[in-house]
Each structure stands twice: as structure tokens, then as C-alpha cells.
Amino acid sequence: VYKRQIASFPVRRMDFNFAQSRKYWFADDPFMSHFMSNLSSLFPYGEQFFVDSVRAWRQHVNDPQLQKDISAFIGQEAMHSKEHKAYNNYAAEHGIDLQRLELRVKALLEWSKHWSSKKQQLASTCALEHFTATMAEQLLKREDLTTQMNDPKLYQLWMWHAIEENEHKAVAYDTYKAIGGGYFTRVWAMVIVTISFLWVVGGFQLHLMRKDGQLFNWRSWGKGLSILLGPRHGFLTRLIKPYLAYYRPDFHPLQYDTETLVQHWRKRLGLATVEQI
């Protein structure tokens, strides 16, 4: 049994302003700056999908602690949607059209809602939350990468988001288990989500690089793909082990204990804890 180390987690009210942010803010590089914008385009409608899928089952959850965590989860995800909308508006100021990508995400999620059950949608949220939590954990661990974020506001946005993804990483999963969700639906959802995620992110990256006139910037592609897919230290390469762990019958998100890491970053960014709210 894996127990949370804090009673619940806080909803922090953030209000980022990216008016001074540059176009290529990640290592002065088009590929990596666009890759982060690529991820940001997924969040406004993606986070709403997470909230809807958990909220749909809330009345079936009897655990008072989990009910508290669901409330905080909804609050944190709503704030993520808001702040990534602000990020996407900043991108638009630099001629990066994320709104079109956001609408593609919206259409894909609406299509999936039409063809899947409420339980399958919650299973998909569990899978996507595992993606975001493990990517966030990597971000918190990899100062060799995060020190390349040359904009203080965007740096704070991504590190704040990474902290909160780890704070609430078990909520959707615990809700799924509480309503009797089974192994087969959970792992089949992960297979579908993985294929969809790679297809969407790959397509969006090509789109952003092409629209920015960087499609044949081989130096930027080489640098970016090395950061993401390098055999030893690639950002995505290092996600393979925790990704495969999801397929174990006894998997639980809190088997990956990130509490010490998160505490370190809360202090570093001066973010409130439960005790301070």
C-alpha cells in the first residue's frame, strides 16, 4: 500500500506574464523552443479532458482523502490550462500559431469521447498522467537541460507545472482503482495513448518547424533529437523504464517516490506547501 506523505496538495494561484519572453528561449534553439511549445499546445484542452474524466466518477469515490485530492487535482489542472493559454498567447505574438494545434487536440479528444466509455476515458487519463508525471520528474532532475531555459518566466512555468504533476500523479489512478477499473482496460488505454501521443507530437513538431522556416535547419534538428533521443541521456530515452513499469499488474504511480525531489523544488521556487495555505 502506497500512502501519500502529505494530507493533500495545494492549489497555487499563478499569473505568469510572458511579454518580455523571446521566441527561441530554450538554448536559443528553434527545435527545443518549438518542442516545448508543442507540448504546451496539448494542455489547455488536454487538462480539461483529465478533469472531466475524473469528475465523471467522483460520486462513486467513498474515500474522504481521495475526495480532497480530487478537488485539489481539479484546481491544479484548471490553473495549468489557464497558464498554458497565456504561454500559447505569448507564442502567437511571435508568429507561432498554437491555436490551430489546440483545436486539433480538441477535435481528437472529442472524437475519443464519442467512441469510448467513461471508464476508458479515465483509463486514458491515467496513462496520460503517467506520461506527464514521468516527463515532469525528468525535468526536475535534469539541470543539464533546465539550465538551458534562458527565460526566467518560462523556466518558472515549466518547473511549477512539473512540481504539480508529481504532486497529483496518483489521483486519476487511485480514482480508477476505486471504481473497480481493471488491468486490461488500463494497459490497452496506454497502448492507444502512446501511439496517439507520438503521432500528435511528431506531427506538431514538423508543422511548427515548417511554419517557422526551420524545417531544413539540420543543426537544430540534430541538437534537438540528441537531447530527446540520445542513447544514454536522452530526455525521452530515460522515460522508457518508467513507461514500461506501467504495464506491471502491481503498478502504482507512487512506486516512483518523488517527494524529496518535489520538496527541494518547492523551496527553490518559493512555492507554497499545504502547511502554508
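Refer to the preceding data block for the structure.
In this report, the structure presented in the accompanying data block is examined. Note that the coordinates shown come from a computational prediction; the quantities given were computed from them, not determined experimentally.

**A closer look at the overall build of the protein chain**
Alright, step 1. The secondary structure content of the protein chain amounts to 11 helices and 0 strands.
Alright, step 2. From first element to last, N terminus to C terminus, the protein chain shows the α and β order α-α-α-α-α-α-α-α-α-α-α.
Alright, step 3. For a compact globule of 277 residues, the expected C-alpha radius of gyration is about 19 Å, and the protein chain comes in at 18 Å, within 12% of that figure.
Alright, step 4. With the C-alpha coordinates of the protein chain rotated into their principal frame, the extents come out at 55 × 45 × 35 Å.
Alright, step 5. Out of the 277 residues in the protein chain, the part that is buried amounts to 53%.
Alright, step 6. Sequence-distant contacts in the protein chain: of pairs separated by 6 or more residues, those separated by 24 or more amount to 83%.
Alright, step 7. Summed over all atoms, the accessible surface of the protein chain reaches about 13,400 Å², with 58% contributed by carbon and sulfur.
Alright, step 8. Computed over 34 positive and 27 negative side-chain charges, the inter-centroid distance for the protein chain is 3 Å.

**Let's talk about the pattern of salt bridges**
Once their charged atoms are close, side chains differing in charge can pair, the charge on each being opposite to the other.
Alright, step 1. In this structure the tally under the stated criterion is 15 salt bridges.
Alright, step 2. The partner of R12 in a salt bridge is E164, with the nearest N and O atoms 2.9 Å apart. Within this pair, whereas R12 is found in the segment before helix 1 (30-55), its partner E164 is found in helix 6 (residues 152-167), the two being separated by 152 residues in sequence.
Alright, step 3. As a salt-bridge pair, D250 and R248 come within 3.2 Å of each other at their nearest N and O atoms.
Alright, step 4. Taken together, the shared-partner salt bridges connect R12, E164, E167, E259 and R266 into one network.

**Topic: the layout of surface pockets**
Alright, step 1. In this model, the largest pocket occupies a volume close to 950 Å³.
Alright, step 2. If you go around the largest pocket, you meet 38 residues; those closest to its centre are L109, S124, L128, V193 and S196.
Alright, step 3. Broken down by secondary-structure element, the contributors of at least two residues to the lining of the largest pocket are helix 1, helix 3 (98-115), helix 4 (118-141), helix 6 and helix 8 (183-211).
Alright, step 4. A per-element tally of the lining of the largest pocket places helix 8 first, with 10 residues.
Alright, step 5. A per-class count over the lining of the largest pocket returns 27 nonpolar, 9 polar and 2 charged.

**Here's the deal with the nonpolar core**
Alright, step 1. By size, the foremost hydrophobic cluster in this structure holds 81 residues, and its most contacted members are W25, M36, L39, Y87 and W158.
Alright, step 2. The greatest single-element share of this core, amounting to 11 residues, is contributed by helix 1.
Alright, step 3. In contact with W158, not counting residues within four places along its chain, are W25, M36, L39, S40, F43, H84, Y87, L139 and M149.

**Notes on empty space enclosed by the protein**
Alright, step 1. Scanning the entire structure with this criterion turns up 2 cavities of 30 Å³ or more.
Alright, step 2. In this structure, the largest cavity encloses a volume near 100 Å³.
Alright, step 3. Surrounding the largest cavity, C126, E129, H130, A133, T134, E137, N166, K169, A172, Y173, P253 and Y256 form its lining.
Alright, step 4. Elements that contribute at least two residues to the lining of the largest cavity include exactly helix 4 and helix 7 (171-178).

**Considering the side chain of S37**
Alright, step 1. Here S37 shows up in helix 1.
Alright, step 2. If we ignore the near neighbours within four places in the chain, the residues touching S37 are Y87 and L98.

**Focus on the side chain of Q205**
Alright, step 1. In this structure, Q205 sits in helix 8.
Alright, step 2. Within the structure, Q205 has its side chain in polar contact with the backbone oxygen of F31 (distance 3.0 Å).
Alright, step 3. Not counting residues within four places of it along the chain, the set of residues in contact with Q205 comprises F31, H34, F35, N38 and W221.

**Some thoughts on unusual backbone geometry**
Alright, step 1. Although it is not a glycine, A27 adopts a positive phi angle of roughly 60°.
Alright, step 2. Mapped onto the elements, A27 comes out in the segment before helix 1.
Alright, step 3. One non-glycine residue, D28, lies in positive phi territory at about 55°.
Alright, step 4. Along the chain, D28 turns up in the segment before helix 1.

**Let's talk about a nonpolar patch on the surface**
Alright, step 1. The grouping of L108, W111, W115 and W199 at the surface amounts to a nonpolar patch, some 560 Å² of accessible area in total.
Alright, step 2. Residue contributions to the nonpolar patch peak at 3 residues, all from helix 3.
Alright, step 3. Within the element layout of this structure, W199 appears in helix 8.
Alright, step 4. W199 sits in the exposed class, given a relative accessible area of 62%.

Rules used throughout
Residues numbered from 1 in each chain as written. Predicted model: local features only at pLDDT ≥ 70, side-chain atom pairs only at ≥ 80, totals over all residues. Heavy atoms only, no water. Helix = DSSP H or I, 4+ residues; strand = E, 2+ residues; numbered from the N terminus. Rg over C-alpha atoms; globule rule 2.2 N^0.38 Å. Buried < 20%, exposed > 50% of the residue type's maximum accessible area, 1.4 Å probe, protein only. Contact = heavy atoms within 4.5 Å. Areas by Shrake-Rupley, 256 points an atom, 1.4 Å probe, with all protein chains shown as cover. Lys, Arg positive; Asp, Glu negative; His and termini not counted. Charge placed at Lys NZ, Arg CZ, Asp CG, Glu CD. Salt bridge = Lys/Arg side-chain N within 4 Å of Asp/Glu carboxyl O. 1 Å grid on protein atoms, 1.4 Å probe; cavity = no way out; pocket = protein on both sides within 12 Å on 5 of 7 lines; lining within 4 Å. Points joined across faces, edges and corners; volume = space filled by probe spheres on them. Nonpolar A, V, L, I, M, F, W, Y, C, P; charged D, E, K, R; others polar. Core = buried A, V, L, I, M, F, W, Y, C linked by side-chain atoms within 4.5 Å. Polar contact = N/O pair within 3.5 Å; in protein donor to acceptor, adjacent residues only side chain to side chain. Patch = residues over 30% accessible without salt bridge, like charges linked within 9 Å, V, L, I, M, F, W, Y side chains within 5 Å.

Keep in mind these numbers describe shape, not what the thing actually does.
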